[in-house]
Amino acid sequence: MTITVFLILLSAFSAVSSLVTEGVKNLFAGSASISYNVVALVSALIIGTGGTAVYYQFYALPFTVSHILYMVLMGLASGLVSMTSYDKVKQTIMQLIRCQQTEGGRHG
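**Overview of the packing of aromatic side chains**
Evaluated as defined, the whole model comprises three aromatic pairs. An angle of 45° between the planes, with centres 4.8 Å apart, marks the rings of Tyr55 and Tyr59 as tilted. Considering the side-chain rings of Tyr56 and Phe63, the 6.2 Å spacing of their centres and the 80° angle between planes classify their relative orientation as edge-to-face. Accessibility expressed as a relative area gives 1% for Tyr56, which makes it buried. Taken together, the ring pairs connect Tyr55, Tyr56, Tyr59 and Phe63 into an aromatic cluster.

So this is what it looks like as structure tokens:
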């Protein structure tokens, strides 16, 4: 697997993991007993590992110990990226909106 393929797969898997995590958050919005970081990690592990396995199957790559390790590492990497990306982007957008409202109130 080249660096380019790794980054493309990582981007795709983290985007899908973020969407799945947000779907689960919306589905269980009233439940306070669910740790969303754990949900994000589990969904990312499943999506990253499964997606990498599908990639290996499509390109007829053997399932060696190294490839299985890469699959697990891809799951962990997509979990890390998906957990930091969506929440941070959402937080930044909300801060910009609040900043605009504050600035608009001062000049208006």
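**Observations concerning a nonpolar patch on the surface**
Judged by side-chain polarity, Leu41, Phe63, Ile68, Leu69, Tyr70, Val72, Leu73 and Leu76 come together as a nonpolar surface patch covering roughly 690 Å² of accessible area. It is helix H3 (residues 65-107) that provides the largest number of residues to the nonpolar patch, a total of six residues. Residue placement: Val72 occurs in helix H3. Taking relative accessible area as the criterion, Val72 reaches 38% and is therefore assigned partly exposed.

What counts and how
Counting restarts for each chain: residues are numbered from 1 in the order of the written sequence. Under the rules for a predicted model, residues below a pLDDT of 70 receive no local features and side-chain atom pairs below 80 are neither given nor counted, while totals for whole chains, interfaces and linings still include all residues. Side-chain numbers come from the whole structure's heavy atoms, not from hydrogens or water. Side-chain rings of Phe, Tyr and Trp, where Trp is taken by its six-membered ring, are said to pair if the distance between their centres is within 6.5 Å; with planes under 30 degrees apart they count as stacked, over 60 as edge-to-face, and otherwise as tilted. Summary of the burial criterion: residues with accessible area below 20% of their type's maximum are buried, those above 50% are exposed, and those between are partly exposed, where the area comes from a 1.4 Å probe applied to protein chains only. Two distance rules govern patches: like charges are joined within 9 Å, and nonpolar side chains (Val, Leu, Ile, Met, Phe, Trp, Tyr) within 5 Å, applied only to residues with over 30% relative accessible area and no salt bridge. For accessible areas, the Shrake-Rupley method is used with a probe of radius 1.4 Å. Any residue's cover is judged against the shown protein chains and nothing else. Salt bridge criterion: a side-chain nitrogen from Lys or Arg within 4 Å of a carboxyl oxygen from Asp or Glu. Secondary structure elements follow DSSP: runs of H or I no shorter than four residues count as helices, runs of E no shorter than two count as strands, and numbering proceeds from the N terminus.

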